[in-house]
Amino acid sequence: FFLKQKTAYEIKECDWSSDVCSSDLPSQLARESTLTPGNKLSYRSCPWVGAMFILDRYILRQFFKVLLVGFVAIASLYIIIDAFTNLDEFQIYAERQGRNILAIVYDYYRIHSLSVFDRTYGMLALLAAMATIAWLQRTRELTAILAGGITKWRVVMPILGATLLVSGLGTANREWWMPANRAQ
């Protein structure tokens, strides 16, 4: 559902009157020597094709930054509270196994971080989506994007795609990664 790169033949046959760069289309088509199906336009020959992907990457970078910071914050709180609660059990287990207590704690919470992600991925995706849109609005970038002729739906599409990706990762976590690590 991301913007598909069009061939020169498709651009010639389509109505681009609503496009931001529609005034560039006649001169662009005049420069193209062969307009056959399968002739892909590159970023250099058609600047409006790659421009949307730059915006998508910018929005996705902001989304995943917020998602990562949120997960690290929640997982850190969980680990700190749970580690101090169970410190005696970790110490007894480390002495019994003859290993360092930090190695035991690391192994334990490396596995339990999957459980933390399973419990929080929906909330984290919602938080990241809201924070990304709020950040675009607060820095007035959303106003500039909308003034450039890009619809709100087009701005939200990468966020919806990223949210679906996070949801898919949560499902894969629950179905494959957590059962594989349950024995540990």
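Quick look at the structure, then. What you see is a predicted model; the values in this text were computed from it and never measured.

## Focus on the overall build of the chain
When helices and strands are tallied, the chain shows seven helices and zero strands. Listed N to C, the secondary structure of the chain is α-α-α-α-α-α-α in terms of helices and strands. For the chain, restricting intrachain contacts to residue pairs at least 6 apart in sequence, the fraction spanning at least 24 positions comes to 71%. For the chain, the computed accessible surface area is about 12,000 Å², with 63% contributed by carbon and sulfur atoms.

## Side note on the environment of L165
Within the secondary structure, L165 is located in helix α7 (residues 152-181). A residue is classified by how much of its surface remains accessible, and L165, at 46% relative accessible area, is partly exposed. With 40 residues separating them in the primary sequence, L165 and A125 have C-alpha atoms 9.6 Å apart.

## Observations concerning the pattern of salt bridges
In this structure the tally under the stated criterion is four salt bridges. The salt bridge involving R154 is made with D56; its shortest N-O contact spans 3.0 Å. Here R154 is found in helix α7, whereas its partner D56 is found in helix α3 (residues 47-85), with 98 residues between them in sequence. Note that R99 is salt-bridged to D107, the shortest N-O span being 2.6 Å. The partly exposed category is assigned to D107, whose relative accessible area is 28%. Here the residues in one salt-bridge network are R99, D107 and R110, joined through shared partners.

## Structural notes on the nonpolar core
Within the largest apolar cluster, 19 residues are counted, with the highest numbers of intra-cluster contacts made by I59, F63, V155 and V166. The leading source of residues in this core is helix α5 (residues 101-138), at seven residues. Each residue touching V166, except ones within four places of it in the same chain, is listed here: F63, F64, L67, F117, Y121 and A125. Residues A83, F90, V105 and Y109 belong to the second largest nonpolar core, which totals six residues.

## Regarding the packing of helix α4 (residues 87-97) against α5
Where α4 meets α5, the axes come as close as 9 Å, and the angle between the chain directions of the two elements is 115 degrees. The interaxial crossing formed by α4 with α5 has right-handed handedness. Side by side, α4 and α5 meet where L87, F90, Q91, Y93 and A94 of the first sit next to I101, I104, V105, Y108 and Y109 of the second. Tallied by class, the residues present in the contact of α4 with α5 amount to nine nonpolar, one polar and no charged.

Calculation notes
- Residues numbered from 1 in each chain as written.
- Predicted model: local features only at pLDDT ≥ 70, side-chain atom pairs only at ≥ 80, totals over all residues.
- Heavy atoms only, no water.
- Helix = DSSP H or I, 4+ residues; strand = E, 2+ residues; numbered from the N terminus.
- Contact = heavy atoms within 4.5 Å.
- Areas by Shrake-Rupley, 256 points an atom, 1.4 Å probe, with all protein chains shown as cover.
- Buried < 20%, exposed > 50% of the residue type's maximum accessible area, 1.4 Å probe, protein only.
- Salt bridge = Lys/Arg side-chain N within 4 Å of Asp/Glu carboxyl O.
- Core = buried A, V, L, I, M, F, W, Y, C linked by side-chain atoms within 4.5 Å.
- Axes fitted to C-alpha atoms, helices over the stretch in contact; angles between N-to-C directions.
- Left-handed = near helix turned anticlockwise from the far one by under 90°.
- Nonpolar A, V, L, I, M, F, W, Y, C, P; charged D, E, K, R; others polar.

Spatial relationships are all this shows, so hold off on functional conclusions.
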